Amino acid sequence: MSEIEFRSDVTVELVRASAHDSDVLFAARVSTQGEQTLTKALLEESDGDAPSTGDAGLINYLMRDRHGSPFEHNSMTFYVQAPIFVFREFMRHRIASYNEESGRYRELNPVFYVPAPTRNLVQVGKPGAYDFLPGTAEQAALVDQLTREASAHAYASYQRMLEAGVAREVARIVLPLNIFSSMYVTMNARSLMNFLSLRTKREGTHFPSFPQREIEMCAEKMEDQFATLMPLTYAAFNKNGRVAP
C-alpha cells in the first residue's frame, strides 16, 4: 500500500486568467460610448491597460450602486487541491464551472487532511451567530490521533477491495471526507466577489459571514490572485463592505 500523506494546508494555483480592471470599464462605458469603447479597448490593451484618473471612480460607483454586469466580462481559472468536504461547500456556489478528479475513473491517492494544531476546535454560540475558539491540548491531540487512525484504516479497506477486484466506484465508499481531491474552477470577478463575501471572515463587512476555516483557506489564496489581477476592482470591493455588486 502507498504511504499515507497527511496535510494541513490546501493548494490553489491560478491556471489562466483574462481579468483586468479595463474589462469592467469597457463594459460599463459601452452604454454611453458605443463603438468608441472598442477602439479604446484595443489601444489600452496594447498600452498595458494603464488606468486613467477617472477609472477608479467609475469602478467604485459601479460597486457602490451595485451595477454588477460589467464585472462579469472576465475569467479566472484556478486549480484547487483540498479535502472533499471543502469541495462540497464550494459546489454550493452555482456561479462557477467545476471539473473534479473522479474516484470512479482513477485510484485515489492516500492524501488526507488533518487539522493543524492552530486550528480552532470549539464552537461557541448558536447557528448564524457563533465563533470558534482554540481547543485544549488534549482535544487537539485527540483530533490528530483519531483522524490519522481513521484515515489509515479507511484507505487500507479501500486498497483491500481494489486488490480483490472490486470496482473503484464501489471501493471508494469507505473513504472519509478528509481525503484530498483536485478540481478546476472557473468564475468571473462578480462571482468571485460573491464567493469571497461568504467564505471569508473580515471586520467591517456589511454582512457577517461564518465560514469553515478550510474553505476560507482556499478563498484567501484566490483573493490574493484577484487583488493582483484587478486592483481597482478589489479596492472598491473592500471599500464598499465586501458586498458583490
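Residues numbered from 1 in each chain as written. Predicted model: local features only at pLDDT ≥ 70, side-chain atom pairs only at ≥ 80, totals over all residues. Heavy atoms only, no water.

With numbering matched to this structure, UniProt assigns "binding site: dUMP" (unreviewed entry) to Glu89, Phe90, Met91, Arg92, Glu100, Glu101, Ser102, Gly103, Arg104, Arg172 and Arg199. Spatially, the listed residues are scattered: they cover 111 residues, and their C-alpha atoms lie as much as 29.2 Å apart. Checked against the element boundaries, Phe90 lands in helix H4 (residues 84–90). Setting aside anything within four residues of it in sequence, one finds Phe90 in contact with Val80, Tyr98, Met183, Phe195, Ile215, Cys218 and Met222. (UniProt positions renumbered as here; feature names shortened; annotations may be inferred. Helix = DSSP H or I, 4+ residues; strand = E, 2+ residues; numbered from the N terminus. Contact = heavy atoms within 4.5 Å.)

Before going further, it helps to examine the packing of helix H8 (residues 213–229) against helix H9 (residues 231–239). Between two packed helices, what matters for the description is the angle formed by their axes and the separation of those axes. Between H8 and H9, whose axes approach to 5 Å, the crossing angle comes to 120 degrees. One way to sum up the angle between H8 and H9 is to call them oblique. Of the residues in H9, those touching H8 at Glu223, Phe226, Ala227, Thr228 and Leu229 are Pro231, Thr233 and Tyr234. By residue class, the composition of the contact of H8 with H9 is 5 nonpolar, 2 polar and 1 charged. (Axes fitted to C-alpha atoms, helices over the stretch in contact; angles between N-to-C directions. Parallel < 35°, antiparallel > 145°, perpendicular 65-115°, else oblique. Nonpolar A, V, L, I, M, F, W, Y, C, P; charged D, E, K, R; others polar.)

If you check UniProt for "active site" (unreviewed entry), the listed places come out as Arg199 in our numbering. By the secondary structure assignment, Arg199 is in helix H7 (residues 189–199). The residues touching Arg199, leaving out its near neighbours within four places in the chain, are Glu89, Arg92, His93, Ser209, Pro211, Ile215, Glu216 and Ala219. Side-chain polar atoms of Arg199 contact the side chain of His93, separated by 2.9 Å. (Polar contact = N/O pair within 3.5 Å; in protein donor to acceptor, adjacent residues only side chain to side chain.)

Another aspect to go through is the sheet that holds strand S2 (residues 11–18). Two orientations exist for strands paired in a sheet by backbone hydrogen bonds: parallel and antiparallel. The sheet built from 4 strands is open, its strands ordered S2-S3-S8-S4 with antiparallel pairing. Two strands bound the open sheet, and with one partner strand each, they are S2 and strand S4 (97–100). Taking each pair of neighbouring strands and ignoring which way they run, the sheet shows an average axis angle of 20 degrees. Pairing geometry for S4 and strand S8 (residues 180–187), over 4 bridges, is antiparallel. Looking at S8, one finds that Glu100 is bridged to Met183. (Pairing = 2+ DSSP bridges.)

To continue, consider the side chain of Asp23. Examined against the element boundaries, Asp23 turns out to sit in helix H1 (residues 21–33). For the buried Asp23, no salt bridge is present, and the opposite-charge side chain at shortest range is Arg29, 11 Å distant. The residues contacting Asp23, other than those within four sequence positions of it, are Ser18, Pro70, His73 and Asn74. (Buried < 20%, exposed > 50% of the residue type's maximum accessible area, 1.4 Å probe, protein only. Lys, Arg positive; Asp, Glu negative; His and termini not counted. Salt bridge = Lys/Arg side-chain N within 4 Å of Asp/Glu carboxyl O.)

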